[in-house]
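# Structure at a glance
Listed here are the chains, written in short residue letters.
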Amino acid sequence: MQILMEATAASGGNFPVAFVAVYVVGFIAAVGIGSIAWYNSKRPPGWEGKERPDIVPKVSDSKDK
């Protein structure tokens, strides 16, 4: 947080907060979507026989028809 405040002060108060917000939201979305895709691709070791958590959506594969 201190770095952002210093960057704002150094740029004369015109720090593009909207661009930073887009990067932060995009990073969080990428991590979330990537985690769901990874989880659906294979089960972690030790979780092969476990049920899918409710928060993870089922993504159908062309083989699952």
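As shown above, the structure is provided for reference.
Our subject in this report is the structure included herewith.

Each value, and the rule that gives it
Residues numbered from 1 in each chain as written. Predicted model: local features only at pLDDT ≥ 70, side-chain atom pairs only at ≥ 80, totals over all residues. Heavy atoms only, no water. Helix = DSSP H or I, 4+ residues; strand = E, 2+ residues; numbered from the N terminus. Buried < 20%, exposed > 50% of the residue type's maximum accessible area, 1.4 Å probe, protein only. Areas by Shrake-Rupley, 256 points an atom, 1.4 Å probe, with all protein chains shown as cover. Patch = residues over 30% accessible without salt bridge, like charges linked within 9 Å, V, L, I, M, F, W, Y side chains within 5 Å. Salt bridge = Lys/Arg side-chain N within 4 Å of Asp/Glu carboxyl O.

### Details of the overall build of the chain
A count of helices and strands for the chain gives two helices and zero strands. Per-residue burial over the chain gives 5% buried out of 65 residues. Here the chain has roughly 5700 Å² of accessible surface; of this, 67% comes from carbon and sulfur atoms.

### Quick notes on a nonpolar patch on the surface
Taken together, the side chains of Val24, Phe27, Ile28 and Val31 define a hydrophobic patch exposed on the protein surface, amounting to about 400 Å² of accessible area. You can see Val24 is positioned in helix H2 (residues 17-41).

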